Amino acid sequence: MSLDGCPNPQAVGSKAVNVDFRQGANSFFKLADGTSLKYDSSLGAVFSISKETDAPTISSNKYIFFGQVDVTVRAARGVGVVTSFVLQSDDLDEIDWEWLGGDKFEVQTNFFSKGCTDTYDRGGFSPVADPIANFHTYTIKWTPTQLDWIIDGTVVRTLQNTGVVGCAGYPQTPMQIKLGTWVAGRKGAPQGTIDWAGGLTDFSDIPFDGYYQSLRIVDYMGGQGATEATEYQYSDRSGTWQSIKVVNSGNGGSSSSSSSSSSSAKPSSTSSSTSSSIKSSTTLATVTSSSSASSNGTVSTTTHGPTSTSGNQVSTTAGSSTSVSTGAAPTAVGNMVAVGAAALLGYLVL
């Protein structure tokens with residue numbers, strides 16, 4: 001059994017999963033209560049919003065323990081409407097991609113450790129060519145040592161696992177895949193949420209449709225050389241990846257704990273672009289680094305605020321940007337980012 005007596009997460013295992021929603025529904029995903037999807041032979045799964053309470057959401061039946069997930073998606077339009085591609089564990093580790101329906105220029109990235117929202121220092125922004133009008137492939141490549149966010153094959157953000165604990169801790173427990181759209185710009189939402197989403201949603205212009213075309217899921221099964229896995233077992237309550245046992249019930253129920261050595265982990269993606277590094281802190285400080293590309297391709301980088309020290313190292317590649325702020329919670333913009341997309345999706349569909 002897993003945390004608090006829950007069943008062990010079932011593993012994707014050694015066989016890659018390819019999902020093409022242009023061919024219709026796929027049994028790899030389950031629909032949340034209240035979710036009804038349509039499927040288009042060209043666009044894929046249609047996640048449609050027509051009122052404030054709509055939050056179509058699907059979750060994978062199986063989990064990956066490190067791995068790579070590629071999702072081809074076109075985000076829903078509409079100020080206040082959010083499209084989300086999320087990995088989340090039973091231990092509330094989380095890795096996010098999020099698109100705002102009023103932003104034609106950027107996509108947001110985020111991560112959480114054990115559901116911690118005591119600090120607000122993990123959100124990032126990366127430029128992308130009109131994600132509302134165009135399909136792009138967004139990738140999460142996640143190993144024991146490094147996490148890469150990738151757009152159309154180019155790494156736009158990297159998080160190194162330096163062993164820090166707390167809010168800035170590295171996501172490291174088995175995760176399922178969640179896809180959804182929801183309304184952040186709804187009446188009654190916290191003002192910080194509405195501000196982050198770009199304002200209240202105008203429902204005179206419905207429907208707001210997001211399109212998930214296809215996915216490819218590869219499970220690294222702990223990243224330490226396992227050849228097969230049927231489930232993952234929490235051996236204690238530490239929440240470290242080394243404590244997770246890879247179980248292969250098809251081999252007489254044998255299991256093995258992940259090793260602290262990373263020598264056999266799957267290789268991490270690298271970018272040929274020069275990266276600027278930011279080290280986040282749990283002390284009161286604000287660090288903002290932004291990169292902007294000029295018409296001739298030159299990238300200029302500016303940093304504001306005191307440089308701080310601490311745990312996981314966050315790098316952004318040329319042509320991308322990230323914002324990091326630590327310490328007291330913001331009173332407006334940023335509150336929604338810190339809550340966690342997966343947690344919000346779960347709340348909204350209840």
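Above this note sits the structure.
Predicted model, so just to flag it, every value in this text is computed and none were measured.

Novice: Got a sec to walk through the overall build of the protein? Specific residues and values, please.
Specialist: When helices and strands are tallied, the protein shows three helices and 23 strands. Counting every atom, the protein has about 14400 Å² of accessible surface; 49% of that belongs to carbon and sulfur.

Novice: Summarise the packing of aromatic side chains; cite the residues concerned and give the values.
Specialist: Under the counting rule described, the total for this entry stands at 13 aromatic pairs. Following the ring pairs from residue to residue traces out a cluster consisting of Phe65, Phe66, Trp142, Tyr232 and Trp241. Over the face of the ring belonging to Trp149 we find Arg157, whose NZ or CZ atom lies 4.7 Å from the ring centre.

Novice: Please give an account of the state of the cysteines that cites residues and values.
Specialist: Taken as a whole and assessed by the stated rule, the structure comprises one disulfide. Each disulfide pairs two cysteine sulfurs, and for Cys116 the partner residue is Cys167, the sulfurs being separated by 1.8 Å. In this structure, the disulfide formed by Cys116 and Cys167 twists by about -65 degrees around the S-S bond and is classed as left-handed. One end of the pair, Cys116, is in the loop between β9 (106-112) and β10 (124-127); the other, Cys167, is in the loop between β13 (154-160) and β14 (175-183), and 51 residues separate them in sequence.

Novice: An account of the pairing of β13 is requested, with residue identities and associated values reported.
Specialist: In terms of burial, β13 is a largely internal element, five of the seven residues being buried. Bridge count for strand β12 (residues 146-151) against β13 is six bridges, and the pairing is antiparallel. Its bridge partner lying in β13, Ile151 is registered against Thr154. The loop that links β12 with its antiparallel partner β13 comprises two residues; one of these, Asp152, has a positive phi angle of about 50 degrees.

Novice: Before we move on, could you go through unusual backbone geometry and cite the residues and values that matter?
Specialist: Residue Pro207 is reached from Ile206 by a cis peptide bond, and omega for that bond is 0 degrees. Residue position: Pro207 is located in the loop between α1 (191-197) and β15 (208-219). Phi is positive for Lys114, close to 55 degrees, though the residue is something other than glycine. For Lys114, the location among the structural elements is in the loop between β9 and β10. For Asp130, which is not a glycine, the phi torsion comes out positive at approximately 40 degrees. Turning to its location among the elements, Asp130 is positioned in the loop between β10 and β11 (136-142). Residue classification places Asp130 among the partly exposed positions, given a relative accessible area of 23%.

Calculation notes
- Residues numbered from 1 in each chain as written.
- Predicted model: local features only at pLDDT ≥ 70, side-chain atom pairs only at ≥ 80, totals over all residues.
- Heavy atoms only, no water.
- Helix = DSSP H or I, 4+ residues; strand = E, 2+ residues; numbered from the N terminus.
- Areas by Shrake-Rupley, 256 points an atom, 1.4 Å probe, with all protein chains shown as cover.
- Phe/Tyr/Trp six-rings, centres within 6.5 Å; stacked < 30°, edge-to-face > 60°.
- Lys NZ or Arg CZ within 6 Å of the ring centre and 35° of its normal.
- Disulfide = S-S within 2.5 Å.
- Buried < 20%, exposed > 50% of the residue type's maximum accessible area, 1.4 Å probe, protein only.
- Pairing = 2+ DSSP bridges.

By themselves these figures say nothing about function.
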